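Overview (structure and organization)
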Amino acid sequence: MSAKYGLVSYNSSRKHISISIPSSTEVMSPHIKSVEELRVLGINLSIYSSPTQFMICVAGVFLFYLIYGYLQELIFSVEGFKPFGWYLTLIQFGFYSTFGLVELQLTQDKRRRIPGKTYMMIAVLTVGTMGLSNTSLGYLNYPTQVIFKCCKLIPVMIGGVFIQGKRYNVADVSAALCMSLGLIWFTLADSKVAPNFNVTGVLLISLALCADAAIGNVQEKAMKLHNGSNSEMVLYSYSIGFVYILTGLLCMGGLGPAVAFCSEHPVKTYGYAFLFSLTGYFGISFVLALIKLFGALVAVTVTTGRKAMTVVLSFMFFAKPFTFQYIWAGLLVLFGIFLNVYSKNSDKMKLPSIKDLKSWVLTGKKVRFLSQNV
């Protein structure tokens, strides 16, 4: 019997049902060659064992994002470059669009699946996230910026309460509270010891954080609804964002001075920006692979460890004032991240909830009290 037909018997009558089975050569998705195969930068992770896959993904995340963070701070350490954060974002968007175009050309399905209006909205959020984040480095220390970027939960929860009327459990509220206190502590410490501290930088990175909290949900919904690929998302969102930034720089008169400055230091600006964009593009590929293979919990844990390492390396490679308040504030933020991850995955991993832990503690105290009375 042919593989394309199934035979069903009902009341002595025959009904033939045609079943279409895609061959191995057909492309099931514009960015997945087969169900079993997962490639990252040409590496077929499917042929390796699970521990090896994990080590490759972790190594890729740490390697590329640590270089990414180092190059970002290195660019802004060039004397006179700090006012040109938006121009760096323009260059970065241009490189990302080129990388996305090259990757899309390597796939067999090159159609645009997500509507243009959706891409225009995503581009606005992407410009806000990366542009404001880059520009904030002209006013803040790099470690302060990284600590802020670790606290995406705060604007997400605020938006959920006021926009969707959501209610959060004790663990989530405690996580947001720890992050908020840690951010305030870190910012106050930075304002005392950092000579280039400016409240404008706090405002810029806070707005970038809000845009970053929104963009993930919009991208995920668009890709699931329209079955869009990663390369398509990168190409169209960053190319439209490139037009937005270019238009803004032309209207504000910021393009000419930036081009003139970078022309005087081509290696330290364009050269570093190319490597900065390339490593960022590679890093996100390994993060997506980590999510697909091991889930969001593991990915968040790895990326949080990477951000902590980035802060440490920033103090090691770049001369800047230091105070132990940075350490205590950073630990408070990390504890808030742990509470958030614990809350989101306690059911999946069959971990006791905060309420269960509280009841156990109270029960233990009651038992000890009774034993003392006896």
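Use the structure listed above.
An account of the accompanying structure is given in this report. Note that the structure is predicted; figures quoted are calculated from it, not measured. (Residues numbered from 1 in each chain as written. Predicted model: local features only at pLDDT ≥ 70, side-chain atom pairs only at ≥ 80, totals over all residues. Heavy atoms only, no water.)

**Section: the overall build of the protein**
To keep it simple, the criterion reads: Every helix listed is a DSSP run of H or I at least four residues long, and every strand listed is a run of E at least two residues long, numbered separately from the N terminus. Throughout, exposure labels follow a simple rule: accessible area from a 1.4 Å probe, protein chains only, divided by the maximum for the residue type, with under 20% read as buried, over 50% as exposed, and the rest as partly exposed. Accessible surface is estimated by sampling points in the Shrake-Rupley manner with a 1.4 Å probe; for residues, cover comes only from the protein chains shown.
A tally of regular secondary structure across the protein gives 13 helices and four strands. When each of the 374 residues of the protein is scored for burial, the buried share is 41%. When the accessible area of the protein is evaluated, it comes to approximately 21,100 Å², of which 67% is carbon and sulfur surface.

**Focus on the packing of helix α1 (residues 50–76) against helix α2 (residues 85–105)**
What counts is decided by this rule: For helices, the axis comes from a line fit to the C-alpha atoms of the stretch in contact; other axes are also lines fit to C-alpha atoms, and the angle between any two N-to-C directions lies between 0 and 180 degrees. Angle categories are assigned with fixed cut-offs, so that under 35 degrees is roughly parallel, over 145 is roughly antiparallel, 65 to 115 is roughly perpendicular, and the rest are oblique. Note on convention: near helix rotated counterclockwise from far helix by under a right angle means a left-handed crossing. Clockwise means right-handed. By the convention used here, residues are in contact when the closest approach between their heavy atoms is within 4.5 Å. In this classification, the charged set is Asp, Glu, Lys and Arg, the nonpolar set is Ala, Val, Leu, Ile, Met, Phe, Trp, Tyr, Cys and Pro, and all remaining amino acids, among them Gly, are polar.
The interhelical angle for the contact between α1 and α2, taken along N-to-C directions, is 140 degrees, at an axis separation of 11 Å. Relative to α2, the element α1 lies oblique. Seen from above, α1 lies across α2 with right-handed handedness. From α1, Tyr-68, Ile-75 and Phe-76 reach across to α2, where they touch Gly-85, Leu-88, Gln-92 and Tyr-96. Of the residues in the contact of α1 with α2, the class split is five nonpolar, two polar and no charged.

**As for the side chain of Ser-97**
Relative to the elements of secondary structure, Ser-97 occurs in helix α2. Accessibility expressed as a relative area gives 10% for Ser-97, which makes it buried. Those residues within four positions of Ser-97 in sequence are excluded, and the remaining contacts are Leu-235, Tyr-238 and Ser-239.

**Quick notes on the layout of surface pockets**
Our working rule: A cavity here means a set of points on a 1 Å grid, drawn over the protein atoms and nothing else, where a 1.4 Å probe fits but cannot get out; a pocket is an open set with protein on both sides within 12 Å along at least five of seven lines, and a residue lines either one if it has an atom within 4 Å of a point. Grid points are joined across faces, edges and corners, and a volume is the space filled by probe spheres set on the points.
Roughly 300 Å³ of volume is contained in the second largest pocket. Looking at the second largest pocket, it is lined by 17 residues, and the ones nearest its centre are Ala-308, Val-311, Val-312, Tyr-326 and Gly-330. Of all the secondary-structure elements, those providing two or more residues to the lining of the second largest pocket are α4 (142–149), α11 (296–317) and α12 (325–345). Among the residues making up the lining of the second largest pocket, the classes are represented as 14 nonpolar, two polar and one charged.

**A few points about the nonpolar core**
The tendency in soluble globular proteins is for nonpolar side chains to be buried side by side. Note the following rule: Buried Ala, Val, Leu, Ile, Met, Phe, Trp, Tyr and Cys residues that are joined via side-chain atoms within 4.5 Å together make up what is termed a nonpolar core.
Counting residues in each nonpolar core, the largest one holds 45 residues, and the members touching the most others are Phe-81, Tyr-87, Leu-88 and Tyr-96. Looking at this core, the elements that each hand over two or more residues are α1, α2, α3 (116–136), α4, α8 (230–252), α9 (255–264), α10 (266–294) and α11. With ten residues, the top contributor of residues to this core is α1. Counting 19 residues, the second largest nonpolar core, distinct from the first, contains Cys-150, Cys-151, Ile-154 and Phe-186.

**Structural notes on a nonpolar patch on the surface**
Where we set the bar: Surface patches are defined over residues having more than 30% relative accessible area and no salt bridge, joining like charges when they lie within 9 Å and nonpolar side chains (Val, Leu, Ile, Met, Phe, Trp, Tyr) when within 5 Å. One speaks of a salt bridge when a side-chain nitrogen belonging to Lys or Arg is within 4 Å of a carboxyl oxygen belonging to Asp or Glu.
Taken together, the side chains of Trp-185, Phe-322, Phe-324, Ile-327, Trp-328, Leu-331 and Leu-334 present a nonpolar region at the surface, about 700 Å² in accessible area. When residues of the nonpolar patch are assigned to their parent elements, the largest contribution, four residues, is made by α12. On the secondary structure map, Phe-322 appears in the loop between α11 and α12.

**Regarding the packing of aromatic side chains**
The test is simple: What counts as a ring pair is set by centres within 6.5 Å for rings of Phe, Tyr and Trp (its six-membered ring), and what kind of pair is set by the plane angle: stacked under 30 degrees, edge-to-face over 60, tilted for all other angles. A ring has a charge above it when a Lys NZ or an Arg CZ is no more than 6 Å from the ring centre and no more than 35 degrees off the ring normal.
Across all of its chains, the model carries 17 aromatic pairs by this definition. Here the aromatic rings of Phe-64 and Phe-282 are separated by 5.3 Å at their centres, their planes lie at 70 degrees, and the arrangement is edge-to-face. With Phe-64 in helix α1 and Phe-282 in helix α10, this residue pair connects regions lying 218 residues apart in the sequence. Of the aromatic side chains, those joined through ring pairs into one cluster are Phe-93, Phe-95, Tyr-96, Phe-99, Tyr-238, Phe-274 and Tyr-281. Between Arg-112 and the ring centre of Tyr-236, over which it is positioned, the NZ or CZ distance is 5.9 Å.

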